Amino acid sequence: MGISYIEKKKIFQMDTENTTYLIGLSPEGYVGHIYYGRRLKGEGSNYLLRMNEAPYTPSVNQREKSSFLDFFPTEYPTGGIGDYRESCLDVRNERGSIGSELFFKSYHIRKGKDGLEGLPASFGSEKDVETLEILCEDSILGLAVTLSYSAFEKCDIITRSVKVKNIGEQHLKLEKVYSACLDMDNKEFEMLTLAGSWARERCIQRGKIRFGKQLVSSVKGESSHQEHPFMALVTEGTAQETGEVYAMNFIYSGNFIAQTEMSQFGNIRMVMGIHSDYFCWNLRPGETFQAPEAVLAYSAEGLGRMTRNFHDFYREHLIRSPYKYGKRPVLINNWEATYFDFDSEKLLGIAREAKKAGIEMLVMDDGWFGKRNFDDSSLGDWTVNEEKITSGLPDLVEKVNKIGLKFGIWFEPEMISPDSELYRKHPDWAIQIAGRCPSQSRAQYVLDLSRPEAADYAYRCVADILNSAPIAYVKWDMNRQLCDIGSSYLDKESQGELLHRYMLGVYRMQERLVQEFPDLLLENCSGGGARFDPGMLYYSPQIWCSDDVDALERLKIQEGTALIYPLSSIGAHVGDCPNHIVGRNTPFETRGHVALAGTFGYELDITKIGEEERGQIPGQVEIYHKYQELVQKGDYYRLASWSMEKPYDCWEVAAKDASCALVTYIQVLAQPNMHSRVIYLRGLEDGGQYRLEGTEEVYSGEELMKCGYLIPSEKGDFRSWLYCFIRCD
Ligand code: GLA
């Protein structure tokens, strides 16, 4: 297990429980990729580097070096010297040319893993993870590049990051620094990515790989609603339990690219990193640039294994919050209940009714500050609007606490409204290109967080409010994408650094927040789920998944999200009907069951919904308390997918010790003349006996998994059922 260097073969071998990753050194010192896949029991070798396919090998024949580089499977391709596939590193020298070439210098293997300066990053103890650092150099540029690999044995995860240092005399410009590359032979791969839009984020899409480049990316300054920093290559026919999966996910929340390229020889290069558009980083002598971390997962047991590996990895090695495995209070958020039209009385009315139903926290959403009665003003003026919150915030919080609820609050700290005191005072704090009127989006501009005093001001506003009253929860929102990428703070040479500096500013603010308020429950959000990514999970244990709370739309959105992220991180609420976005009516019970596959809460006016629905809330809250630990910590299995193929949807969460399993079944469309359906459970003990909760029915684990459980077909669309099987032998 772990990482070793096999001197006689000049290869590095990284083993996790079920995977092996092999890196080899060529005679010239190129760092080549040999293999990533199923665990090798013995030592690997380097024949897959194909170094003997002369006449191209440079040590044999310099004449055809470019042909060699354009085929050689490399760990970290550099641009400008003859490998015409996608490069990971483009460096411009002082004379204006781009070209770099890296040769192996030294390596270091150790137990444990360091964080990445200024960036979110995975972590693990010396028992969990080993790290390999390969130092390469370009002596002509005076550039040192450290390729870092960390092998997390139990989760079958390998993370990668790259650090670039100027060890020479000239001022270099980094025009591209990706974080990971996988060069492989093509196994008739299909590409699986997550795509969407506002209110329909992260829907699974899949298609065959063709020659040339296929990519997903964002240049929007955030990971985005539309595309997601995730890509998986899967062998044909890969399903939940079968097939091979090579996946990459990015611990970063800004611009990214995830790309696969099939070359002229039919091999594959998969890369991931910060998008090079609008990016240019100055690297002066002595300076270092740290690229974010990419997470690599390989599964030989289909998508389900990949999913569970990601879930375990993010729960154990990325999310830091004390709430990671702690019970989250059942909250009610007033956004869809009132929008901007609320005051203390209305909120207290909601709180009283919520308390009766067993709800545990009131979250005051957008509209409590400045003169904000609509979305077109006051971002940046984070003082309480006392026309609405009539006796001030501490008093409101105290009253809500007295009712018996915790209090939570919404912020959008990264923004500045053109109609705000802040903008009138500091128009230069908005991101904009000098001489050009910046484009508004939702009537707002973005604060230039590369400017330390702007970031500090925004942070202090949040912290001052939190210090003014016992506030248990913050929803940190971010409601527009970035454009007009210019900063009046940065000099002309540094404008290409703005987007990454913006992200570093966001991370710095959130780090301060979690350090200063360690008990705070933080939920990130971005116009729904536009910044649902591993970067944000490092700071907040949960992220608002989508503005669409329609139970049916959520099936697709949550299926795509749960493909990678644990249910404990998925912000999910029971909304009102007809749903505000799609106008659909779904049963209250179904809305509850769908929200249970996430953090669970309410997004409706509890004082206005019908008696019958209100009456169901205490029961739903009870169900949440009963199963939340299982949902938070268990193994997730996707048993059927409405969005892909079936008239029904079904997932299961099984306890890691196989002591129980909760199955959620949604009959999306009723079908005429149907018999009961069979659902095959997973993750149980073959020989164990399981009783279906609330009945006397007992089945063996083997029966439930091999023969299946019968789900009756009943009348009615959008209906749902929960089945809990508890071990009883
Ligand atoms: C975003 C969020 C919503 C709500 C509004 C408030 O759209 O996703 O939940 O907070 O902003 O303006």
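Just so we're clear, the structure is a prediction, and the values are computed from it rather than from any experiment. (Residues numbered from 1 in each chain as written. Predicted model: local features only at pLDDT ≥ 70, side-chain atom pairs only at ≥ 80, totals over all residues. Heavy atoms only, no water.)

Caption draft 1: Geometry of the packing of aromatic side chains. In this structure the tally under the stated criterion is 49 aromatic pairs. Ring plane angle 55° and centroid distance 6.1 Å describe the contact between tyrosine 30 and phenylalanine 72, whose orientation is recorded as tilted. With tyrosine 30 in the loop between strand 3 (19-25) and strand 4 (31-38) and phenylalanine 72 in the loop between helix 1 (65-69) and strand 5 (89-92), the pair connects residues that are 42 residues apart, well separated along the chain. By the burial criterion, tyrosine 30 is buried, and phenylalanine 72 matches it. When the centroid spacing of 4.8 Å and the interplanar angle of 75° are considered together, the rings of phenylalanine 152 and phenylalanine 313 count as edge-to-face. Placement of phenylalanine 152 in strand 8 (residues 143-152) and of phenylalanine 313 in helix 2 (residues 302-317) is noted, with a sequence separation of 161 residues between them. Comparing phenylalanine 152 with phenylalanine 313, the two get one shared label, buried. Looking at arginine 320, its charged tip hangs above the ring of tyrosine 538, at a distance of 3.6 Å from the centre. The ring of tryptophan 544 is capped by arginine 554, whose NZ or CZ atom sits 4.8 Å from the centre of that ring. (Phe/Tyr/Trp six-rings, centres within 6.5 Å; stacked < 30°, edge-to-face > 60°. Helix = DSSP H or I, 4+ residues; strand = E, 2+ residues; numbered from the N terminus. Buried < 20%, exposed > 50% of the residue type's maximum accessible area, 1.4 Å probe, protein only. Lys NZ or Arg CZ within 6 Å of the ring centre and 35° of its normal.)

Caption draft 2: Local environment of the nonpolar core. In terms of nonpolar packing, the biggest core is built from 199 residues, with Trp368, Ile409 and Tyr602 touching the most fellow members. Ignoring sequence-local partners within four residues, the contact set of tryptophan 368 consists of Phe342, Trp382, Thr383, Val384, Asn385, Ile389, Ile409, Trp410, Phe411 and Ile465. In terms of nonpolar packing, the next biggest core, distinct from the first, is built from 22 residues, Ala640, Ala654, Tyr665 and Tyr709 among them. (Core = buried A, V, L, I, M, F, W, Y, C linked by side-chain atoms within 4.5 Å. Contact = heavy atoms within 4.5 Å.)

Caption draft 3: Spotlight on the site of the ligand. Around the ligand, a shell composed of 13 residues is seen, among which Asp365, Asp366, Lys475, Gly528 and Asp547 lie nearest. Within the side chain of arginine 442, one N or O atom sits 2.9 Å away from an oxygen atom of the ligand. Within the side chain of aspartate 477, a nitrogen or oxygen atom sits 2.9 Å from an oxygen atom of the ligand. The fraction of the free accessible surface of the ligand (300 Å²) that becomes covered by protein chains is 96%. Its residues assigned to classes, the shell around the ligand shows 4 nonpolar, 3 polar and 6 charged. (Near = heavy atom within 4 Å. Polar contact = N/O pair within 3.5 Å; in protein donor to acceptor, adjacent residues only side chain to side chain. Areas by Shrake-Rupley, 256 points an atom, 1.4 Å probe, with all protein chains shown as cover. Nonpolar A, V, L, I, M, F, W, Y, C, P; charged D, E, K, R; others polar.)

Caption draft 4: Highlighting the sheet that holds strand 4. The strand order 1-2-3-4 describes an open sheet built from 4 strands, whose pairing is antiparallel. Strands with a single pairing partner mark the edges of an open sheet, and in this sheet they are strand 1 (2-6) and strand 4. Going from strand to strand, the sheet's axes swing by 15° on average, the running direction of each strand aside. Bridge count for strand 3 against strand 4 is 7 bridges, and the pairing is antiparallel. Bridge pairing in strand 4 places glycine 24 opposite glycine 32. (Pairing = 2+ DSSP bridges. Axes fitted to C-alpha atoms, helices over the stretch in contact; angles between N-to-C directions.)

Caption draft 5: Main features of the sheet that holds strand 37 (residues 698-700). Taken in spatial order, the 6 strands line up as 32-33-34-39-36-37 in an open sheet, and their pairing is antiparallel. Each edge of the sheet is formed by a strand with only one pairing partner; in this case those strands are strand 32 (635-640) and strand 37. Ignoring which end each strand starts from, the neighbouring axes of this sheet average 25° apart. Relative to the sheet, helix 12 (residues 611-633) contacts strand 32, strand 33 (648-654), strand 34 (660-667) and strand 39 (719-727), its axis offset from that of strand 34 by approximately 105°.

Caption draft 6: Quick look at the side chain of threonine 586. As for its placement among the helices and strands, threonine 586 is situated in the loop between strand 30 (574-575) and helix 11 (588-595). Given the relative accessible area of 5%, threonine 586 is considered buried. Setting aside its immediate chain neighbours within four residues, threonine 586 contacts Asp550, Ala551, Cys577, Arg591 and Phe718.

Caption draft 7: Structural view of helix 12. Spanning 23 residues, helix 12 covers 34 Å between terminal C-alpha atoms, matching the ideal 33 Å at 1.5 Å per step. Tyrosine 627 marks the point of greatest bend in helix 12, at about 55°. Taken together, the buried positions of helix 12 are occupied by Glu613, Arg614, Ile617, Gln620, Val621, Tyr624, Tyr627, Gln628, Leu630, Val631 and Gln632. (Expected span 1.5 Å × (residues − 1). Bend = angle between axes of the 7 residues up to and from the residue.)

Caption draft 8: How the structure looks around the domain arrangement of the protein chain. Domain boundaries in the protein chain define domain 1 (75-317), domain 2 (331-409 + 457-473 + 508-633) and domain 3 (639-727). The distance between the C-alpha centroids of domain 1 and domain 3 comes to 38 Å. (Domains from an automatic or database assignment.)

Caption draft 9: Spatial organisation of the pattern of salt bridges. Taken as a whole and assessed by the stated rule, the structure comprises 61 salt bridges. The salt bridge involving glutamate 398 is made with lysine 402; its shortest N-O contact spans 3.2 Å. With glutamate 398 and lysine 402 both in helix 5 (residues 393-403), this residue pair falls 4 residues apart, about one helical turn. Aspartate 729 serves as the salt-bridge partner of arginine 727, at 2.8 Å between the closest nitrogen and oxygen. Aspartate 729 sits in the exposed class, given a relative accessible area of 56%. Each of Asp83, Arg85, Asp183 and Arg269 takes part in one network of salt bridges that share partners. (Salt bridge = Lys/Arg side-chain N within 4 Å of Asp/Glu carboxyl O.)

Caption draft 10: Here's a closer look at the state of the cysteines. Applying the stated criterion to the full structure yields 0 disulfides. With no disulfide of its own, cysteine 545 lies closest to cysteine 203 among cysteine sulfurs, the gap being 9.8 Å. Of all cysteine sulfurs in the structure, the one in cysteine 724 sits closest to cysteine 650, which takes part in no disulfide; the separation is 13 Å. Cysteine 650 gets classed as buried once you look at its relative accessible area, which sits at 0%. (Disulfide = S-S within 2.5 Å.)

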